[in-house]
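Structure at a glance
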Amino acid sequence: MKCDRRDFDYEPVTRTRGTSRDEVTGVSFESIKARLVPSEVTSKEFLPPGEESKTNRSTQQGDRPTRKITVTGQIWNSQRGHGITFVILFLYTTLAYFRPYELSPALAWTAWLPYSVAVLMLAVFVPTQFALEGNLTARPKEVSLLGMLCLVALISIPSAISPQNSWNTFTSLLLKIVIVFVIMINVVRTERRLKGMLLLAIAAALVMSASALSNTSAAGELSARAKVDIHNNMFGEPNGMALYLVTMMPIVIAWLMIVRSFLIKAVLGVCTFLMMAGVFATLSRGGFLGLTCAGLMLVWKLGRRHRLMLVIGTMLVVVASVVLVPSGYENRLASIVDPTLDTVGSFSSRQAVLIRSITIALKRPIWGVGIGNFPLFSIHSQGTHNTYTQLASEMGFLALVIYLAFVWQAFKRLRKVERETLTQGGKSRFYYLAVGFQASLAGYLVSTFFLHFAYEPNLYFLVACIVCFHEIYKASRIPPEESNWFKARA
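The paragraphs below set out a description of the structure included in this document. (Residues numbered from 1 in each chain as written. Predicted model: local features only at pLDDT ≥ 70, side-chain atom pairs only at ≥ 80, totals over all residues. Heavy atoms only, no water.)

1. Quick notes on the overall build of the chain
Going by this rule: Counting from the N terminus, the helices are the DSSP runs of H or I reaching at least four residues and the strands are the DSSP runs of E reaching at least two. Exposed residues in this analysis have more than 50% of their type's maximum accessible area, buried residues have under 20%, and partly exposed residues fall in between, with area computed by a 1.4 Å probe over protein chains only. Per-residue accessibility takes into account occlusion by the displayed protein chains alone, with areas from the Shrake-Rupley method and a 1.4 Å probe.
Helix and strand counts for the chain come out as 19 helices and 2 strands. Counting all 490 residues of the chain, 51% fall into the buried class. Element-wise, carbon and sulfur atoms account for 64% of the exposed surface of the chain, whose accessible area totals about 23100 Å².

Here is the structure:
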């Protein structure tokens, strides 16, 4: 029995507390089964008990049977919703990246905008989410892990040496990040929305790279560390900006592999080298190590399909590195293995702080010294300069385990997409982006050995995009129409 494409009107369904089911009427069993991934089809659930004989009689009489299909693992309905919330989320993210009130005194009046936009976003999101899904949020494992991390943070507050400092860190940093994460994974439901969020993040990386290079050149100090006129940890601090650029570059390279237009490939290539120059301009040792790790993962993953392009790309990167690396950067990198080459003494200072954070974590392994309280125990009130010891010393080893499980869950999602799309040419866009996200995560994990970024939004934005990417991929496996995401239009 053949099934006309126009008869097929299946949509993935919302995952609720029970098993979600969707009635599909007028479609033959064989055609549906052929279009589903085998691991997601439970044959026993196609027909309720005692109905097989009825179905056989119905088929013999020429009637098409009604069958139940269970597709598990969807965190939200594939229907479009949260349109207004997405627009507000996009605006809020733009304000968070560019902070116009810090760029010019004439824009100081915009200082109230981020908080107001955040309140408006919550006010629109909550009733819309209940109307669409009947719950406050989808529940992928990442949400549960973040909830556990928040719980551990709250438990660490009463025993902290400064509960007020811990409470301020929790409410102003961690809680805000978790709220935005929850909104993102519920709102970014379509490929176009995910593409918009990624383009915004890449645009911010390009603007910050260009600004840093311009400021450094204007100052006439080619060996000075690049900086921008934004006073947040993501961009205002050179190591933070290097980390952000390291996480964005693999995504740009993945996009470069996806598009077909030579002109767009050239533009994306220029963007890649601009961000690479931005990383070098920061003179960040952690950023360089993260960039190297991300590059090695891209070489390993992408080399299986494009050996010639890999050789050409590697040669271009080597040449660009020679041209773009500022003077004095070689000695700074060499100080990683030879501390005597560190002329400013930052290596020994950070080593002492790292040892202090490990000591505190071992002395107070359960709840730590309280979220945000390590500087009170540190040398000259410095941070740990290591995300992992930051978590262990401030909230105990349980928080560190939760954090690592959070990252590992994102890796598992991406690895699954990579395996399933490696040999599927029609879904190559998912393969390349899965590889790009993995390289971004790898670069982030290495770079944050030298930064205390446990309560900064970089990782959480990246993982939220990965969760949405994975759900969009799962929904695309039974596509009503051919997707054109990231396809260049000549």
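2. Section: the packing of helix H9 (residues 238-258) against helix H11 (residues 285-302)
Filter applied, for reference: Here the axes come from fitting lines to C-alpha atoms, over the contacting stretch only for helices, and the angles between their N-to-C directions go from 0 to 180 degrees. Convention used here: angles under 35 degrees read as roughly parallel, angles over 145 as roughly antiparallel, angles from 65 to 115 as roughly perpendicular, and any remaining angle as oblique. Two helices that cross are described as forming a left-handed crossing if the nearer one is turned anticlockwise from the farther one by less than a right angle, and a right-handed crossing if clockwise. Here a residue-residue contact requires only that any non-hydrogen atoms of the pair lie within 4.5 Å. Polar here means any residue outside two lists: the nonpolar Ala, Val, Leu, Ile, Met, Phe, Trp, Tyr, Cys and Pro, and the charged Asp, Glu, Lys and Arg; Gly therefore counts as polar.
Their axes nearest at 9 Å, the elements H9 and H11 cross at an angle of 20°. Between H9 and H11, the angle falls in the class roughly parallel. In terms of crossing hand, the pair formed by H9 and H11 is right-handed. Contacts between H9 and H11 involve Ala-242, Val-246, Met-249, Pro-250, Ile-253 and Met-257 from the first element and Gly-287, Gly-290, Leu-291, Ala-294, Leu-298 and Leu-302 from the second. Among the residues making up the contact of H9 with H11, the classes are represented as 10 nonpolar, 2 polar and no charged.

3. A few points about the packing of helix H16 (residues 387-395) against helix H17 (residues 397-421)
For the pair H16 and H17, the least separation of the axes is 6 Å and the interaxial angle reads 140°. Taken together, H16 and H17 sit at an angle that is classed as oblique. Across the interface between the two elements, Thr-387, Tyr-388, Leu-391, Ala-392 and Met-395 from H16 touch Phe-397, Ala-399, Leu-400, Tyr-403 and Leu-404 from H17. Along the lines of polarity and charge, the residues of the contact of H16 with H17 split into 9 nonpolar, 1 polar and no charged.

4. Considerations on unusual backbone geometry
The backbone of His-380 shows a phi angle near 55°, a positive value even though the residue is not glycine. Considering the arrangement of structural elements, one finds His-380 in the loop between helix H15 (374-377) and H16. Given the relative accessible area of 72%, His-380 is considered exposed. One non-glycine residue, His-385, lies in the positive phi region at around 60°.

5. As for the pattern of salt bridges
In plain terms, the rule: The term salt bridge refers to a pairing of a side-chain nitrogen on Lys or Arg with a carboxyl oxygen on Asp or Glu at a separation within 4 Å.
Summed over the entire model, instances satisfying the criterion amount to 8 salt bridges. Here Glu-133 makes a salt bridge to Arg-189, at a shortest N to O gap of 3.1 Å. Of this pair, Glu-133 sits in helix H5 (residues 113-133) while Arg-189 is found in the loop between helix H7 (163-187) and helix H8 (191-219), placing the two residues 56 residues apart along the sequence. Considered together, Glu-133 and Arg-189 belong to a single accessibility category, that of buried residues. The salt bridge partner of Glu-142 is Arg-413, with a shortest N-O separation of 2.7 Å. Of this pair, Glu-142 sits in helix H6 (residues 141-156) while Arg-413 sits in helix H17, and the two are 271 residues apart along the sequence. Three or more residues are tied together by salt bridges with common partners; here these are Glu-142, Arg-413, Glu-471 and Lys-474.

6. Describing the side chain of Ser-209
Tracing the chain through its elements places Ser-209 in helix H8. Residue Ser-209 is classed as buried on the basis of its relative accessible area of 0%. Every residue in contact with Ser-209, bar those within four places of it in the chain, is listed here: Leu-245, Leu-274, Met-275 and Gly-278.

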